[in-house]
Every structure is written in structure tokens, then in C-alpha cells.
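Coordinates in review
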Amino acid sequence: MPLEQYRKKRDFGKTPEPAGGTPRKRGKLPRFVVQEHHATSLHWDFRLERDGVLVSWAVPKGIPPDPKRNHLAVHVEDHPLSYIDFAGTIPEGNYGAGAVTVWDRGTYEEEKWSEREVMVVLHGERVEGRYVLFQTGGKNWMIHRMDPPQDPGREPLPERIEPMKARLAADLPRDATAYGFEFKWDGIRALAYCAGGRVRLQSRSFEDITSRYPELREMGAAIGSHELVLDGEVIAVGKDGRPSFELLQGRMGLTAEGDVRRRMKEIPVGYVIFDLLYLDGHSTLPLPYSERRRLLESLELKGHFWQTPPSTSGDGEGTREASRQLALEGVMAKRLDSAYLPGRRSDAWLKIKNHLGQELVIGGWLPGAGAREGRIGALLVGYHDGPTLVYAGKVGTGFNERMLARLQSLLEPLRRETSPFDAGTRPSRAAVFTEPRLVGEFQFTEWTRSGQLRHPAFKGLREDKDPLTVVRESPTSPNL
Ligand code: MN
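Everything numeric in this text was worked out from a predicted model, so none of it was measured.

**As for unusual backbone geometry**
- In the Ramachandran plot, F206 falls in the positive-phi region, its phi being about 65 degrees despite a non-glycine side chain.
- Residue position: F206 is located in the loop between strand 13 (198-203) and helix 2 (217-223).
- One non-glycine residue, D280, lies in the positive phi region at around 40 degrees.
- One can find D280 in the loop between strand 15 (269-279) and strand 16 (282-283).

Rendered as C-alpha cells:
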């Protein structure tokens with residue numbers, strides 16, 4: 001009974017899928033279909049018409065566009081021929097519940113067909129070319145493209161791109177018409193590499209941080225078979241609706257799956273997307289910002305946990321005003337005609353902050369008094385000027401109890417006898433010094449003439465930053 005397994009798994013009173021029926025009149029060549037199936041886990045069902053049924057494989061990452069990468073194909077039960085036209089939603093509670101759409105259809109030529117190897121040439125609306133499926137063990141097969149990529153100019157999906165950086169500017173650029181303006185987000189910079197319905201998130205230091213933010217798995221399924229590299233920021237939004245780096249700290253360091261799952265409910269994160277670096281086989285790095293944004297916006301990436309906030313051309317004042325009203329960190333000004341320059345900091349991207357703030361290296365603490373007796377009273381912070389670590393002052397506010405305890409536990413093992421600071425005013429005699437390894441984010445009103453911070457407050461730890469890269473950020477002239 002060729003379709004027995006297919007029928008056993010389904011209740012045809014409840015699913016819109018076909019029960020079987022008479023084979024349709026055939027053309028000269030047998031047909032194939034690839035159905036995109038948003039089941040619990042997104043996959044593509046690859047089906048070949050043969051001997052009155054559809055011989056089927058479920059391919060988790062879809063039909064490979066490139067001979068360099070083979071994809072797993074799980075052999076599944078034969079489906080009735082009428083399934084070739086099926087698209088619709090299989091209701092919850094049924095086998096394979098989820099939406100099914102036809103991703104590609106066409107005819108194929110059979111070149112070889114054995115128990116363990118199937119070689120075909122596909123003539124689809126999307127896919128053209130020779131493929132081989134070969135069994136690797138039990139139900140597991142692989143699908144391999146034998147022809148060169150269909151698109152002769154295809155470039156492989158990059159593995160790592162260093163994010164482009166922004167220069168700190170004291171004010172909006174004078175020639176606002178040359179720029180696109182975005183909100184500046186207070187989170188963690190992350191690039192998203194999307195292919196085969198899966199997302200890989202990479203930090204600025206090229207760390208794979210995918211497992212820390214399971215919220216974004218859903219984004220992979222929504223992107224489907226597009227291959228993209230996105231630039232954006234992982235943020236946590238507080239009860240007041242604004243992004244909070246302090247809050248995000250509660251998620252950043254977590255790696256164990258159980259811990260992440262538990263904290264996800266308390267502190268959900270989102271991904272704000274602001275640039276597109278690769279699209280379906282082609283790098284978009286050389287394109288001007290305005291063109292990259294146009295392509296990005298045409299993708300309409302928007303879901304529960306991801307958004308593409310707008311970029312407005314020419315209206316810096318409006319964007320800044322809105323960023324102030326929303327109590328955001330500031331605005332980004334990006335030259336409309338600029339290519340994406342990986343790892344580079346230039347006037348092509350400017351950050352204009354609503355408050356002064358920057359990362360600083362922690363080099364010790366002052367013991368607390370009163371309620372903080374025996375604990376940290378204030379942090380001693382500095383920045384690098386070449387190899388010299390310059391003392392910038394003490395910071396005694398901005399901590400909660402949990403953070404104080406955490407800082408204490410991180411700093412105690414770093415204790416040392418001598419001051420790590422080579423320059424600047426001397427810290428007080430009561431200071432306890434540490435190796436300058438921890439980096440924090442601090443906000444303040446201004447730099448004093450003697451190079452000290454005025455009214456500084458601690459904003460959070462920056463575990464994604466290398467202390468050696470922490471320098472004093474001076475706003476550049478706005479006369480651009
Ligand atoms: Mn399926």
C-alpha cells in the first residue's frame with residue numbers, strides 16, 4: 001500500500017491536505033514541487049513525482065543554491081500526487097501543523113534512481129540544475145547541487161564581517177541633506193547571518209551569541225529562504241518602553257539554556273535592524289547607504305522580537321527631538337552615499353548623544369562607608385591613551401545591590417598592590433587597586449579641564465569590550 005503511512009498520520013476530517021485521489025494527466029516529464037512548511041521547525045519538502053506517488057524528503061535548510069554546501073534531506077513517507085498543488089494551513093493538533101506554501105514547482109529529468117541515490121535535473125520556476133540525493137544512513141540523506149550556482153555571480157554568504165563604527169560628534173552635521181538619521185540604540189551590536197531559515201548572531205568580537213537570544217530563532221523562520229546578513233543591535237526594553245542597557249545586563253552573560261529560558265520571560269530582548277550587508281548571493285557592502293536601506297526596507301523585517309526602525313533622510317533635528325522625547329541615547333547620522341566600511345570609524349557614520357557617556361576601564365575601588373561599609377563605595381575608572389592608562393575619576397552611583405555584589409565578585413580576584421593608572425590625578429590613599437580588565441559603561445555631564453568626569457554614573461558592565469580599546473571619546477567638530 002504505497003500511501004498507507006501517509007494516510008495513517010492524518011485525519012482528513014481535520015486537515016485540508018488531500019487524502020489521495022486520481023492521478024492527474026501527466027505532461028512529458030514528471031513533476032516536482034518544493035513546499036515551504038512552517039511546522040514546529042521550518043523545513044522545505046522536496047517531492048518528486050514517480051510511480052503514481054510523490055517520493056518525498058524534508059530538507060531543514062532548503063534546496064542548496066551552491067555545490068559547496070550540502071544539506072540534510074530526511075526521507076519521509078510518500079505523498080499522494082494531488083499533494084503537488086497543496087498549499088494551506090494544517091491546523092494545530094494535526095500532524096505537521098503549520099502553514100505550507102509552494103516554494104517552487106516544475107518538471108525534472110531522471111538521470112539515476114536507485115535505493116540509495118537519486119540524480120535529477122530540475123526545471124523549476126526558481127531552481128534550474130542537476131542535483132543528487134544520496135543516503136547517508138537510514139532516513140538521512142543529503143542533497144547536493146552538482147551544477148555550478150545558478151547565479152554565475154553568486155558570492156558565498158560571508159562568515160564574519162566586522163561592524164562599521166561611528167565617530168562621536170558634538171552636534172548634528174551641518175549638511176543634513178547628505179545624511180540619513182536613525183535613533184541610536186543602547187544595546188549590544190550584533191550581526192545576524194540568516195540562511196536556510198536559521199539565524200546565527202555574531203557579536204562585535206566575532207563571538208557566536210545565538211544561543212543567548214532564542215527569541216530570534218523565529219526571525220529565521222520568517223526570513224525563510226532569503227540569505228541575508230543584517231546589522232543591528234540587541235536591546236532589552238524596560239517597563240517604561242525604552243531600551244535599557246542595565247536591563248540587558250541580566251541577559252548578556254547567560255549561556256546555559258535553562259538560565260536563558262528562565263530569564264527570557266522576565267527580560268525579553270529584541271533585535272533592531274538598521275543595515276543590510278548581504279542579500280541572496282550578493283554582498284551589498286559596496287552599495288551606498290541609501291540603496292542598502294531601500295533593499296532592507298523592501299524585506300519588511302518585522303515581528304514580535306525584531307523590527308526595522310525607520311531612517312529619515314535629511315531630518316536630523318526631527319530625529320534628535322524624537323530621540324529626546326523617547327529618552328533614547330541619541331541619534332546616528334549616516335552619509336547617504338557611503339558604502340559599508342567594515343571595522344572602520346569615519347565621518348560616514350556619526351553618533352550624536354543626548355548625554356555624554358562612554359566605556360571606561362575599571363582599575364579598582366574605594367571602600368564604602370555607612371550602609372556600604374566593607375563593600376565597594378566607588379569605582380576607579382580610566383581610559384587608554386596609547387599604552388598609558390589615564391585615571392578619569394571615581395564613580396559612586398548607578399549601582400543596584402545585585403550589581404554591587406557582582407562587581408565585588410568580579411573585582412576581588414583582580415586585586416593588585418600597585419595602581420594600574422599611569423597618568424592623571426592620583427586616586428585617594430584608601431584605594432584598592434585591580435588589574436584593569438573590566439570595562440563599564442558610564443554616563444556623565446562633561447569632562448573637566450583636568451580630565452576628570454563630572455557627575456558620573458555607572459550604567460553597566462561591557463563584557464563585550466576589550467579594555468585595551470577603551471579611549472577617551474572626544475566629539476569631533478560638527479562642521480562636516
Ligand atoms: Mn513537511
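**Quick look at the pattern of salt bridges**
- Within this structure, the stated rule accounts for 40 salt bridges.
- Across the salt bridge formed by R167 and D347, the nearest N and O atoms sit 3.1 Å from each other. Here R167 is found in strand 10 (residues 165-168), whereas its partner D347 is found in strand 20 (residues 345-353), with 180 residues between them in sequence.
- Among the residues examined, R167 registers a relative accessible area of 29% and is labelled partly exposed.
- Close ionic contact of D464 with R462 constitutes a salt bridge, the shortest N to O distance being 3.0 Å. For the pair D464 and R462, a shared accessibility class is recorded, and that class is buried.
- Here the residues in one salt-bridge network are K9, R10, E17 and E77, joined through shared partners.

**Looking at the sheet that holds strand 19 (residues 330-335)**
- Read from one edge to the other, the open sheet built from five strands follows the order 10-20-19-11-18, with strand pairing classed as mixed. Looking at which strands have only one partner, the edges of the open sheet turn out to be strand 10 and strand 18 (312-313).
- Strands strand 11 (179-184), strand 19 and strand 20 of the sheet are contacted by helix 5 (residues 289-298), whose axis makes an angle of about 60 degrees with strand 11.
- Against the sheet, helix 6 (residues 316-325) engages strand 11, strand 18, strand 19 and strand 20, with an angle of about 5 degrees to strand 11.

**Some points on the side chain of H71**
- Here H71 lies in strand 4 (residues 71-80).
- A relative accessible area of 11% places H71 in the buried class.
- Within the local environment of H71, its side chain forms a polar contact with the backbone oxygen of G62, the two atoms lying 2.6 Å apart.
- When sequence neighbours within four positions are dropped, the list of residues in contact with H71 reads V59, K61, G62, I63, P64, W141, M142 and I143.

**Observations concerning the domain arrangement of the protein chain**
- You can read the domains of the protein chain as domain 1 (4-145), domain 2 (165-353) and domain 3 (357-469).
- Put simply, the middle of domain 1 and the middle of domain 2, counted by C-alpha atoms, are 36 Å apart.
- On the side of domain 2, eight residues touch domain 1, which itself brings ten residues to the contact.
- Surface buried jointly by domain 1 and domain 2 totals about 580 Å² across both partners, of which 57% is contributed by carbon and sulfur atoms.
- On inspection of domain 1 and its partner domain 2, the count reaches zero salt bridges.
- At the junction of domain 1 with domain 2, the criterion picks out four residue pairs in polar contact (both at pLDDT 80 or more).
- Per-class residue counts for the side of domain 1 that touches domain 2 are five nonpolar, two polar and three charged.

Rules used throughout
Residue numbers run consecutively from 1 along every chain, following the written order of its sequence. In keeping with the predicted nature of the model, local features appear solely for residues at pLDDT of at least 70, side-chain atom pairs appear and are counted solely at 80 or more, and the whole-chain, interface and lining totals rest on all residues. Side-chain metrics rest on all non-hydrogen atoms present in the structure, leaving aside hydrogens and water. For the purposes of this entry, the term helix denotes a DSSP run of H or I that reaches at least four residues, the term strand denotes a run of E that reaches at least two, and both are numbered from the N terminus. Salt bridges are defined as contacts in which a side-chain nitrogen from Lys or Arg sits within 4 Å of a carboxyl oxygen from Asp or Glu. Throughout this description, buried means an accessible area under 20% of the type-specific maximum (1.4 Å probe, protein chains only), exposed means over 50%, and partly exposed covers the range between. Think of it this way: DSSP has to see at least two bridges between two strands before they count as a pair. We call two residues in contact when some of their heavy atoms are within 4.5 Å. Fitted lines through C-alpha atoms give the axes, limited to the stretch in contact for helices. The angle between two N-to-C directions lies from 0 to 180 degrees. Pairs of N or O atoms are called polar contacts if they sit within 3.5 Å, as long as, within protein, a hydrogen donor faces a hydrogen acceptor (for residues adjacent in sequence, only side-chain-to-side-chain pairs). Source of the domain bounds: an automatic or database domain assignment. Buried surface area refers to the total accessible area, computed with a probe of radius 1.4 Å, that the two partners give up upon joining, counted for both partners together. As a working rule, the residues Ala, Val, Leu, Ile, Met, Phe, Trp, Tyr, Cys and Pro are called nonpolar, Asp, Glu, Lys and Arg charged, and the rest polar, with Gly in that last group.

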